[in-house]
Amino acid sequence: MARRDVRDHYDGLAAEYDEHWVYGPEYIPWMSGRIAEALTLGPDDRIADIGSGTGLFAREVARQIQPRHPILCVDPSDAMLRELGTPPPPSLAPVVASAEDIAEGRTRLPYERLDAMWLKESVHHVTDQERTLRGLADLLAPGGRLLVVMLPATIQYPLFKAALARFEELQPDPAVIQEHLRTAGLDARLGHVEHELRIDRDRYLGMVRARYMSLLSTFSDREIEKGIAEMRAAHPEPELVFPDRFAFILGRQPKERA
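The rules behind the values
- Residues numbered from 1 in each chain as written.
- Predicted model: local features only at pLDDT ≥ 70, side-chain atom pairs only at ≥ 80, totals over all residues.
- Heavy atoms only, no water.
- Helix = DSSP H or I, 4+ residues; strand = E, 2+ residues; numbered from the N terminus.
- Buried < 20%, exposed > 50% of the residue type's maximum accessible area, 1.4 Å probe, protein only.
- Contact = heavy atoms within 4.5 Å.
- Areas by Shrake-Rupley, 256 points an atom, 1.4 Å probe, with all protein chains shown as cover.
- Pairing = 2+ DSSP bridges.
- Axes fitted to C-alpha atoms, helices over the stretch in contact; angles between N-to-C directions.
- Parallel < 35°, antiparallel > 145°, perpendicular 65-115°, else oblique.
- Left-handed = near helix turned anticlockwise from the far one by under 90°.
- Nonpolar A, V, L, I, M, F, W, Y, C, P; charged D, E, K, R; others polar.
- Right-handed = clockwise from strand over helix to strand, strands pointing away.
- Core = buried A, V, L, I, M, F, W, Y, C linked by side-chain atoms within 4.5 Å.

Asker: Describe the overall build of the chain, listing the residues and the values that go with them.
Answerer: Counting its secondary structure elements, the chain contains 11 helices and 7 strands. Looking at the chain as a whole, 52% of its 258 residues qualify as buried. Residue pairs in contact within the chain that sit at least 24 positions apart in sequence constitute 76% of those at least 6 positions apart. For the chain, the exposed area adds up to about 12,000 Å²; of that, 48% sits on carbon and sulfur atoms.

Below is the structure:
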């Protein structure tokens, strides 16, 4: 998807985005806890969530670690960031910008250096991933950490076949992202976490119809309805149960920068 199309997609979803992404009551605390743990976040860290959307995860991370500096919620969609609240809570600070804007210095952040940042399922929207990740890595303080959370190259979601195939066409390889972080001068490690999802089938079909994943916006209404019919036939059970597996690529800046 082109950058303008991506922004339009999320602008259109903003008001109902949280409804689609909260699979169940335990999902956001689980993922936020894994992010905070991987980044070894503490209350004194200067933190940014790059591609934060509505701040679903930043809000929960803030609740868990009680930061002394507001977590920066960076997203190019003003509509998504407005969902933080007016005004936003003191623990969160919206920044209307893309990852590229931050990496290339077109948008300056309130903090000169960052101790930690994460990109949760947003790196695939970045056009030049190597250059952008290098620019983000340059913003880290000595010992700073950068975490890329992304789906693996293949997924076991109960989507229709054409959507799964398109996902594999569009999704970057986590090993390539790890190499980009190493090229940027970070010590980069690749690991995985997994969470079992249980969701009402008809609710999930409604999420697909609403195009909750950006790749679904590459399909026409007719193709979506055809896909939903395929999913109904393949999954007659009232509750869908499937693994949600994520690659966690953690890069760490040396404590003494060259």
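There is more to say, and it comes next.
Asker: So what's going on with the sheet that holds strand β3 (residues 92-96)? Residues and values would help.
Answerer: Strands pair in a sheet through their backbones, by hydrogen bonds, and they do so in one of two ways: parallel or antiparallel. The strand order across the open sheet formed by 7 strands is β3-β2-β1-β4-β5-β7-β6, and the pairing between neighbours is mixed. Only two strands of the sheet have a single partner each, and these edge strands are β3 and β6 (187-200). Strand-to-strand twist across the sheet, computed as the mean angle between neighbouring axes with direction ignored, equals 20°. Relative to β3, strand β2 (residues 71-75) runs parallel, the two sharing 5 bridges.

Asker: If you had to explain the side chain of H180 to someone new, which residues and values would you point to?
Answerer: If you trace the backbone, H180 turns up in helix α9 (residues 174-183). For H180, a relative accessible area of 14% corresponds to the buried category.

Asker: Hey, could you go over the packing of helix α7 (residues 129-137) against α9 for me, with residue numbers and the actual values?
Answerer: One way to put it is that α7 packs onto α9 with a least axis distance of 9 Å and a crossing angle of 45°. The angle between α7 and α9 places the two elements in the oblique class. Considering the relative orientation of α7 and α9, their crossing is right-handed. Where α7 abuts α9, its residues Q129, E130 and L133 lie against I177, H180, L181 and T183. Residues belonging to the contact of α7 with α9 are distributed by class as follows: 3 nonpolar, 3 polar and 1 charged.

Asker: Run through the pairing of strand β4 (residues 114-120), naming residues and quoting values.
Answerer: Counting buried positions along β4 gives 7 out of 7 residues, so the element sits mostly inside the fold. Taken together, the 3 bridges between strand β1 (residues 47-50) and β4 define a ladder with parallel strand orientation. Across the sheet, D49 pairs through a bridge with W118, a residue of β4. In this view, the connection linking β4 to its parallel neighbour strand β5 (residues 140-150) by way of α7 has right-handed handedness.

Asker: Quick one: what's the story with α7, residue by residue and with numbers?
Answerer: Listing the buried residues of α7 in full gives Q129, T132, L133, G135, L136 and A137. Of the surrounding secondary structure, the elements contacted by the buried residues of α7 are α6 (99-103), β4, β5 and α9.

Asker: Please give an account of the packing of helix α10 (residues 201-209) against helix α11 (residues 221-234) that cites residues and values.
Answerer: It is the contact of α10 with α11, at a shortest axis distance of 10 Å, that shows an interaxial angle of 160°. Judged on the interaxial angle alone, α11 and α10 are roughly antiparallel. With respect to the hand of their crossing, α10 and α11 are arranged in right-handed fashion. Within the contact between the two elements, α10 uses R201, D202, Y204, L205, V208 and R209 and α11 uses I224, E225, I228, M231 and R232. For the contact of α10 with α11, the class distribution of residues is 6 nonpolar, no polar and 5 charged.

Asker: Account for the nonpolar core, naming residues and giving values.
Answerer: W118, Y204 and M213 are the most contacted members of the largest nonpolar core, which has 51 residues in total. Contacts of W118, omitting those with residues within four sequence positions, involve I35, L39, L41, I47, A48, D49, I50, F57, A58, V61, I71 and L147. Among the nonpolar cores identified, the runner-up in size contains 30 residues, and I50, L109, L133 and L140 belong to it.

The values are spatial; any link to function lies outside them.
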